[in-house]
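Structural characterization, general
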Amino acid sequence: MVVRVATDERPFETPSSDESGLGRDSPSEESEPEAALVVPPDGGWGWVIVFASFMCNVLVDGIIFCGGMLLGPIKDEFKASGGQVALVNSLLAGFYLLAGPFVSALANKYGFRVVTIVGSLVSSAAFALSYFATSVEYLYLVYGILGGIGFCMIYMPAVLTVGFYFERWRALATGLALCGSGVGTFVFAPLTQKLIDSFGWRLTIVILAGFVLLCVIFGALFRPIKPVRVQLADQSGEDDVTRRHEEAVEKLNSMLKLHSKLDSGISMPADMRFSNKVSPHTWVGVPNNTRYPTAEEVFRGSSSHLSRRSSATAGTIKNTLGRPMFITGPVAEKDEDDSNSNIDNTEPLINTSHPIKVIQRETRPRHSHADLVARPLYRDDIFFSGSLIRLPQYTSRNSLGYHMAVTHVPTKEDAQEEQSGKCRLCPEAVKRTLATMLDVSLFLSPTFCILALSGFFTMLGFFVPYMYVKSRAEENGLGSTSSTMLLSAIGVANIVGRVACGLVSSMPKVSPLWLNNIALSAGGLATMLSGYCYHEAFQFGYCAVFGLAIACFASLRSILVVEYIGLEQLTNCFGLFLLFQGLGALLGAPIAGALMDLTSSYDISFYVSGGFLLFSAVLCYPVDYISRWEKARAKLSPPPKV
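Described below are features of the structure shown in this document. Values in this document were obtained by computation on a predicted structure and should not be read as measured data. (Residues numbered from 1 in each chain as written. Predicted model: local features only at pLDDT ≥ 70, side-chain atom pairs only at ≥ 80, totals over all residues. Heavy atoms only, no water.)

**A word on the overall build of the protein chain**
The helix and strand inventory of the protein chain stands at 24 helices and three strands. Within the span of the protein chain, comprising 642 residues, buried residues form 59% of the whole. For the protein chain, the computed accessible surface area is about 25300 Å², with 62% contributed by carbon and sulfur atoms. (Helix = DSSP H or I, 4+ residues; strand = E, 2+ residues; numbered from the N terminus. Buried < 20%, exposed > 50% of the residue type's maximum accessible area, 1.4 Å probe, protein only. Areas by Shrake-Rupley, 256 points an atom, 1.4 Å probe, with all protein chains shown as cover.)

**Looking at helix α22 (residues 570–599)**
Between its terminal C-alpha atoms α22 stretches 42 Å, which fits the 44 Å expected from 30 residues at 1.5 Å a residue. Once α22 finishes, Ser600 follows within two positions and takes phi at roughly 55°, a positive value. (Expected span 1.5 Å × (residues − 1).)

**A word on the nonpolar core**
In globular proteins that are soluble, nonpolar side chains generally tend to be buried together. Grouped together as the largest cluster of nonpolar side chains are 140 residues, with contacts concentrated most on Ile64, Phe127, Phe151, Phe383, Phe463 and Tyr468. The greatest single-element share of this core, amounting to 15 residues, is contributed by helix α7 (residues 136–165). Excluding anything up to four places from it in sequence, Phe127 contacts Ile63, Leu92, Tyr143, Gly147, Phe151, Ile205, Leu208 and Ala209. (Core = buried A, V, L, I, M, F, W, Y, C linked by side-chain atoms within 4.5 Å. Contact = heavy atoms within 4.5 Å.)

**Quick notes on helix α19 (residues 480–505)**
Taking 1.5 Å per residue as the helical rise, α19 with its 26 residues ought to reach 38 Å, and the 38 Å between its terminal C-alpha atoms agrees with that figure. The largest bend along α19 reaches roughly 25° and is located at Leu486. (Bend = angle between axes of the 7 residues up to and from the residue.)

**What about the pattern of salt bridges?**
It is possible for side chains bearing opposite charge to pair when their charged atoms get close. Taken as a whole, this structure holds five salt bridges when the rule is applied. When salt bridges with common partners are traced through the structure, they connect Arg170, Arg379 and Asp381 into a single cluster. (Salt bridge = Lys/Arg side-chain N within 4 Å of Asp/Glu carboxyl O.)

**Digging into the environment of Gly43**
Looking at the secondary structure, you find Gly43 in the loop between β2 (34–38) and α2 (45–65). By relative accessible area, Gly43 is classed as buried at 7%.

**Quick notes on the packing of aromatic side chains**
Applying the stated criterion to the full structure yields 27 aromatic pairs. Ring geometry for Phe78 and Trp201: centres 6.0 Å apart, planes at 65°, overall edge-to-face. Of this pair, Phe78 sits in helix α3 (residues 71–78) while Trp201 sits in helix α8 (residues 170–213), placing them 123 residues apart in sequence. Residues Phe448 and Phe577 carry aromatic rings whose centres are separated by 5.5 Å and whose planes lie at 10° to one another, so their mutual orientation is stacked. Taken together, the residues Phe448 in helix α18 (residues 446–475) and Phe577 in helix α22 connect sequence positions 129 residues apart. Among the residues examined, Phe577 registers a relative accessible area of 3% and is labelled buried. Taken together, the ring pairs connect Phe65, Phe462, Phe463, Tyr466, Tyr542 and Phe546 into an aromatic cluster. Directly above the ring of Phe606 sits Arg472, whose terminal nitrogen or CZ lies 3.8 Å from the centroid. (Phe/Tyr/Trp six-rings, centres within 6.5 Å; stacked < 30°, edge-to-face > 60°. Lys NZ or Arg CZ within 6 Å of the ring centre and 35° of its normal.)

**Quick look at the side chain of Asp380**
Looking at where Asp380 falls in the secondary structure, it is placed in the loop between α13 (369–372) and α14 (392–395). Among buried charged residues, Asp380 stands out as having no salt bridge; its nearest opposite-charge side chain is Arg432, 8.5 Å away. Setting aside residues no more than four positions away along its own chain, Asp380 makes contact with Asn289, Ala405, Val406, His408, Leu567, Glu568, Leu570 and Thr571. (Lys, Arg positive; Asp, Glu negative; His and termini not counted.)

**Some thoughts on the environment of Ala107**
By the secondary structure assignment, Ala107 is in helix α5 (residues 100–110). Its relative accessible area of 2% is what places Ala107 among the buried residues. Sequence spacing of Ala107 and Arg375 is 268 residues, and the spatial spacing of their C-alpha atoms is 8.7 Å. When neighbours within four sequence positions are excluded, Ala107 is seen to be in contact with Phe112 and Val115.

**Some points on the packing of helix α6 (residues 112–129) against α8**
Packed helices, taken two at a time, are described by their axes: the angle between them and the distance between them. Orientation of α6 relative to α8, taken along the N-to-C sense of each, is 170°, at an axis distance of 8 Å. Viewed along their axes, α6 and α8 adopt a mutual orientation that is roughly antiparallel. Contacts between α6 and α8 pair Ser120, Leu121, Ser123, Ser124, Phe127 and Ala128 from the former with Ile205, Val206, Leu208, Ala209, Val212 and Leu213 from the latter. Here the contact of α6 with α8 is built from residues that sort into nine nonpolar, three polar and no charged. (Axes fitted to C-alpha atoms, helices over the stretch in contact; angles between N-to-C directions. Parallel < 35°, antiparallel > 145°, perpendicular 65-115°, else oblique. Nonpolar A, V, L, I, M, F, W, Y, C, P; charged D, E, K, R; others polar.)

**Examining a nonpolar patch on the surface**
Taken together, the side chains of Leu129, Tyr131, Phe132, Phe199, Leu203 and Val206 define a hydrophobic patch exposed on the protein surface, amounting to about 530 Å² of accessible area. Examining the composition of the nonpolar patch, we find that three residues originate from one element, α8, more than from any other. (Patch = residues over 30% accessible without salt bridge, like charges linked within 9 Å, V, L, I, M, F, W, Y side chains within 5 Å.)

**Describing unusual backbone geometry**
A negative phi angle characterises most non-glycine residues, just as the trans form characterises most peptide bonds. Backbone geometry at Lys79 places phi at a positive 50°, although glycine is not the residue there. Secondary-structure assignment places Lys79 in the loop between α3 and α4 (82–98). Despite not being glycine, Ser600 has its phi angle at roughly 55°, a positive value. Relative to the assigned elements, Ser600 resides in the loop between α22 and α23 (603–620). Taking the relative accessible area as the measure of exposure, Ser600 reaches 63% and is therefore exposed.

Listed below in structure tokens is the structure:
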């Protein structure tokens, strides 16, 4: 047996309808089972992706976190109250998060590059148009809402594409990219103040629009990964195959650290097809992504989403495949009890007892729909920013088995839309992502509700120090230069915190929940006590503690979800988290600004902000107990009928 791996030098090209073979229900006798796969390079151009993502974070987060410096001049010009003018930057920060699920859906369909470039143009245009503002309400709409949506279209692809390019070095690569947030705060704090002093707030925003336009260049670097076509072929008679097969096996296994997709030529049997008629669907008209089978379930002849699991299903797939794909023998017929067995507990995915041949792509008239459908949001782990060794799904399988287990297959409708190239108002890939990220069934989980509320209260207090720490320091006697550098100190602490948190959380005996709780508790208490003394050293010390706290919060969110809710729910949780956190970011600074107007002091605002952070930590204290209770209850209750 020969396994042929062929790289496609023309990824994402749309074949003509007569060449695609998408209409076939089963492979012809001449065609060979095959799949087009996306191989994470774990280096190479991936480090260019890390640099581009880093720069996008520098620009976007740097502008958002230092946007509070613009509020004073805007307030003076339009004679607005503190609460009114605070909403300008809060809308920018809020929609930067609130639009996350919708931007992710667009990125799933159109790719990271296109969405980032469009977002750069939208946000740059919004900032440039803010020059002509005639009222605070004008800035709400243009600078806040439109600019925030554009920023989200830069931020979401910049975060997701790094995880799509890395497997072994994912934690390091993601950490380096997200350090751009701290660097941006460090750089843009003095830069924004200098621009305001020299040109005024209007020209400052125009100059910032020019900086945002640089994201067009960085977004253009988010090129898609070329797919690899893997197929089984007959044994060749070449003499050197046997002699070189060990070297080829090693090369093949190193290449197969990848995302596994199902080829259209390998048709699913009728009882494994997922359509709106046979699967529960959501408000967007298609099922949640977890309702679709993974590549592992298809190749193994089992699906945890089916109400009927029998040896007939496995036998049907066996007959459909003709012969195994990445599997050494025919798909074994199973009963219900072992239908979900780990693929690595039965047999290796690559059989080293047979010669392996790796050749370059031949010119073939037929294309796999998996070539055309490389959907990052069809992966369960796309939002996971930590090391994959934290995942049981990864440590219990080899690399190929893991990717097959976390990748859900595209539908035939999805492939046909990609092939036709027609523009639809809401394509399948968009609807399926929205159905996954905004699935409200998660509200039935007490663990999720606690984590979501905790994120909401964290963001209520998150932006207040960024927006008011400089003004408060100046009001209490610190010089302008020292006050501006307080924001830079938060940025430096953010960088250190992300690196340190990544190292500490990777230790097996360290609980990420308690690390999160300690960090948020310390940040909340420090914020509440930050007005006790306005000595320069005390204020810089507070900013260091606050920066470390928010770095831990941002770094540990996906790890907490996977540990207490499960990897299969990570995308769903993150979509709803973005809404909760966006709403918190939207309300936090205006509440602080209104309190400042009522009391003519920043003290109450910082007390309330710190209280929100502390309360968010207290909410998470019982999460471990509640999660164990919830899982025990789920084991006792019967599984839901599909």
